[in-house]
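Observations on chain architecture
The chain contents come next:
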Amino acid sequence: MQVNGEQVTLEAPVSVADYLETHGFRAERVAIELNGEIIPREKRAETMLDDQCVMEIVQFVQGG
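Residues numbered from 1 in each chain as written. Predicted model: local features only at pLDDT ≥ 70, side-chain atom pairs only at ≥ 80, totals over all residues. Heavy atoms only, no water.

With an unreviewed UniProt entry as reference, the protein chain is termed Thiamine biosynthesis protein ThiS, source organism Bifidobacterium scaligerum.

1. Some words on the pairing of strand β7 (residues 54–59)
As defined by bridge partners, strand β1 (residues 2–3) adjoins β7 across two bridges and the pair is classed as parallel. Following the sheet pairing, V3 is matched in β7 by M55. With five bridges joining them, strand β4 (residues 30–34) and β7 adopt antiparallel strand pairing. For E33, the partnering residue across the bridge sits in β7 and is E56. (Pairing = 2+ DSSP bridges. Helix = DSSP H or I, 4+ residues; strand = E, 2+ residues; numbered from the N terminus.)

Structure (structure tokens):
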């Protein structure tokens, strides 16, 4: 699959929520676009990733 423009190999299908947790993302601080569609936070646990997916993870940061 592709994540933020880079190829990533999945060992097995995994949910968006599990992928984020495994890779150290704070779920409340990111927005997910999967295959051109925004995935709401409440749907991340049931939305599965596979080798054909294209995902963009946008992190929110504070600053001034």
